[in-house]
Amino acid sequence: MLRSLYSGVSGLLNHQTRMDVIGNNVSNVNTTGFKKGRANFQDLISQTLQGAARPRPEVGGVNPKQVGLGMQIAAIDTLHTQGSLRSTGVKSDVALQGEGFFMLRESGQLFYTRAGNFNVDQDGSLVNPATGQRVQGWNAQLVGGQTIIDTGAAVEDLFIPVGSKDGAAATTLVALSSNLDKNTPIIPAAGATAADITSGTWQVEYNIYDSFGNLHELRLDFTRIAGTPNSWNALVTVDADAAVAPPQGLAVGGVASVDGQSFIVDFNSDGTLLQLRNAEGGLASVGELGVELTFTVPDSEAVGGAPVTQATTINLGTVGSFVDSITQFAAPSSTRVFSQNGYGLGYLEDYRIDRSGTIVGIFSNGSNRILGQMAVATFTNPGGLEKAGETNFIETINSGIADIGTSGVTGRGDIIAGTLELSNVDLAEEFTDMIVTQRGFQANSRTITTSDQMLQELLTLKR
């Protein structure tokens, strides 16, 4: 029997397998996160007709004589090259720019995928809506009043509790960065009119919150001190326009002002902040300068009947700094309050995912809070992963163990929100491979046909 007959058969079978791989690539040209396959061939065993001979003094060496017995599939590789990114505008859609895989869990089994078309289910779990598999990462925890994400812990199901409450938080810090006009007129010590008082006073007002989420008006009245250049009196009041103003206290450098509301601001000759002081000897002159304000929250009683007292730091900036600090220049006064950290009761209305995979909740009270962070897994040999359907992969003994961490660290790609990674199938390349495969199949069929004709000639010799 002719060896070429079986070589042709092996060529037909394996080119058919290669065509199957190409067909699968083409069928998944629009599959999100799909990674194409590639069939590689290698020759089969060869039959040795004559072995090699070493050179001798009388004659040179002889090469071996071998006849190949066909070919076989060497490997069907999965090519994990980057696919193009397509913007969708959907906040829960994410794509990886670079190495790595998103992690999903179903019935305790971990899956890895590049398809980031996720959504939130009824229970608030971040899932693949097509399969219900839950996205893995780390949920934020509140520890000692701070939001912490422990990325060293085991991964868990991510939750985005849309509609959940965010409790009110008292204002504990107010930062000012106003400018006080150096040319503000000084209020006369005697006989000052209402117009004199109005033109000589610069007023800064801002709303702050107590621990119940109630709004209170914080007001600072600044007036220049006669006979003392670059010095201003400051008067702090809470709810000054209320029928009954709440009791309050104020301290500078730990020393209380007798009236509970007055302190003095001194500036350098270049307009920057120099120090804060009060008439009772309190002084703050190093680093960030602030005064401590306390006031009784109206209509509040703790367990046992004592009213609730709130403490708030009013930060006026850093000594010698122009940035985010109160200043004194010959320019119109401003009422800028740089920040305050209180807020009322709110509900989670929206969320965003940043490049590190951190999920930030946006609440109706204007506060933002970290809810969790998505995990990204990388492998020493991603080509060793096994396809598990639904655009997922599972770990194998040759892929290596998943290295789990956050995106953008130790070779992991960045997470791009509002986009999806497209299939990395190139149709031009696939169609070219299709032509080559078809011609290879035809050539092997001709080998079988020709071998058959040779056998036919052999059978007709007897005639």
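Residues numbered from 1 in each chain as written. Predicted model: local features only at pLDDT ≥ 70, side-chain atom pairs only at ≥ 80, totals over all residues. Heavy atoms only, no water.

**So, the overall build of the chain**
So, point 1. For the chain, the helix and strand inventory stands at three helices and 38 strands.
So, point 2. Taken over C-alpha atoms, the radius of gyration comes to 39 Å for the chain, far larger than the 23 Å a tight globule of 463 residues would show.
So, point 3. Seen through its principal axes, the chain has C-alpha atoms that stretch 145 × 55 × 35 Å.
So, point 4. Sequence-distant contacts, at least 24 apart, represent 62% of the contacts inside the chain between residues at least 6 apart.
So, point 5. In the structure as shown, the chain presents an accessible area of about 24,000 Å², 53% of it carried by carbon and sulfur atoms.
So, point 6. Each charge sign in the chain was given a centre, from 28 positive and 45 negative side chains, and these centres are 20 Å apart. (Helix = DSSP H or I, 4+ residues; strand = E, 2+ residues; numbered from the N terminus. Rg over C-alpha atoms; globule rule 2.2 N^0.38 Å. Contact = heavy atoms within 4.5 Å. Areas by Shrake-Rupley, 256 points an atom, 1.4 Å probe, with all protein chains shown as cover. Lys, Arg positive; Asp, Glu negative; His and termini not counted. Charge placed at Lys NZ, Arg CZ, Asp CG, Glu CD.)

**Details of the pattern of salt bridges**
So, point 1. Tallied over the entire structure, the rule returns 14 salt bridges.
So, point 2. The shortest N-O distance in the salt bridge between R114 and E421 comes to 2.8 Å. Here E421 lies in strand 38 (residues 419–421) and R114 lies in the loop between strand 8 (109–113) and strand 9 (119–120), a separation of 307 residues in the sequence. Grouping residues by exposure puts R114 and E421 together as buried.
So, point 3. Put simply, R219 and D241 hold a salt bridge, and the shortest N to O gap is 3.9 Å. Here the residue R219 occupies a position in strand 19 (residues 215–224), and D241 occupies one in the loop between strand 20 (231–238) and strand 21 (248–252), the gap between them amounting to 22 residues.
So, point 4. Because the salt bridges share partners, they merge into one network encompassing K35, R114 and E421. (Salt bridge = Lys/Arg side-chain N within 4 Å of Asp/Glu carboxyl O. Buried < 20%, exposed > 50% of the residue type's maximum accessible area, 1.4 Å probe, protein only.)

**Structural notes on the sheet that holds strand 21**
So, point 1. Here six strands make up an open sheet; going across it, the order is 22-21-26-27-16-29 and the pairing mixed. Pairing within the sheet leaves two strands with one partner each, and these edge strands are strand 22 (255–256) and strand 29 (337–340).
So, point 2. As judged from the three bridges shared by strand 16 (residues 173–176) and strand 29, these two strands associate in the antiparallel manner. When the sheet's bridge partners are listed, V174 is paired in strand 29 with Q340. (Pairing = 2+ DSSP bridges.)

**Comments concerning the packing of aromatic side chains**
So, point 1. Summed over all chains, the structure comprises five aromatic pairs.
So, point 2. Here the aromatic rings of F101 and F393 are separated by 5.8 Å at their centres, their planes lie at 65°, and the arrangement is edge-to-face. Linking F101 in strand 7 (residues 101–106) with F393 in strand 35 (residues 392–394), this pair joins segments that are 292 residues apart in sequence. In terms of burial, F101 and F393 fall into one category: buried.
So, point 3. A centroid spacing of 5.6 Å and a plane angle of 85° characterise the contact between F102 and F118, whose relative ring orientation is edge-to-face. Taken as a pair, F102 in strand 7 and F118 in the loop between strand 8 and strand 9 lie far apart in primary sequence, 16 residues in all. Each member of the pair, F102 as well as F118, carries the same accessibility label: buried. (Phe/Tyr/Trp six-rings, centres within 6.5 Å; stacked < 30°, edge-to-face > 60°.)

**Digging into the nonpolar core**
So, point 1. In terms of nonpolar packing, the biggest core is built from 29 residues, with F222, F263 and L276 touching the most fellow members.
So, point 2. What F263 contacts, discounting residues up to four positions off in sequence, is L220, W232, N233, A234, V236, L250, V252, L276, R277, N278, V291 and L316. (Core = buried A, V, L, I, M, F, W, Y, C linked by side-chain atoms within 4.5 Å.)

**Let's talk about helix 1 (residues 3–27)**
So, point 1. Between its first and last C-alpha atoms helix 1 spans 36 Å; for 25 residues at 1.5 Å apiece the expected length is 36 Å, and the two agree.
So, point 2. Looking at helix 1, one finds that the buried residues are L5, S7, G8, S10, G11, L12, N14, H15, R18, V21, I22 and N25.
So, point 3. For helix 1, the elements touching its buried residues are strand 1 (37–43), strand 3 (65–68), strand 4 (71–78) and helix 3 (427–459). (Expected span 1.5 Å × (residues − 1).)

**What about the pairing of strand 32 (residues 368–374)?**
So, point 1. Pairing geometry for strand 11 (residues 134–139) and strand 32, over three bridges, is antiparallel. Directly across from N139, in strand 32, lies its bridge partner G372.
So, point 2. Pairing analysis gives five bridges linking strand 31 (residues 358–363) to strand 32, with the strands arranged antiparallel. Note that in strand 32 the partner of T358 across the bridge is Q373.
So, point 3. Where strand 31 folds back on strand 32, the antiparallel hairpin that results is connected by four residues, among which G366 adopts a positive phi of roughly 90°.

**Remarks on the sheet that holds strand 23 (residues 262–267)**
So, point 1. The strand order 18-19-20-23-24-25 describes an open sheet built from six strands, whose pairing is antiparallel. In this open sheet, the two strands that pair with only one neighbour each are strand 18 (201–209) and strand 25 (283–284).
So, point 2. Bridge analysis of strand 18 against strand 19 gives nine bridges, and the strand direction is antiparallel. Bridging from a neighbouring strand, Y206 pairs with L218 of strand 19.

**Concerning the environment of V337**
So, point 1. For V337, the location among the structural elements is in strand 29.
So, point 2. On a C-alpha basis, the gap between V337 and L316 in space is 9.6 Å, while along the polypeptide they are 21 residues apart.
So, point 3. Look past the residues within four positions of V337 in its chain and what remains in contact with it is V174, A175, L176, V204 and Y206.

**Quick word on helix 3**
So, point 1. Taking 1.5 Å as the rise per residue, helix 3 with 33 residues should run 48 Å; its terminal C-alpha atoms sit 48 Å apart, in good agreement.
So, point 2. Of the positions making up helix 3, those classed as buried are E430, T437, G440, N444, S445 and S451.
So, point 3. Check the buried side of helix 3 and you find it contacts helix 1.
So, point 4. Regarding helix 3, its N-cap is D426, as a side-chain oxygen of that residue lies 3.1 Å from the backbone nitrogen of A428 further along. (Polar contact = N/O pair within 3.5 Å; in protein donor to acceptor, adjacent residues only side chain to side chain.)

Remember that the coordinates give geometry; whether it matters functionally is a separate question.
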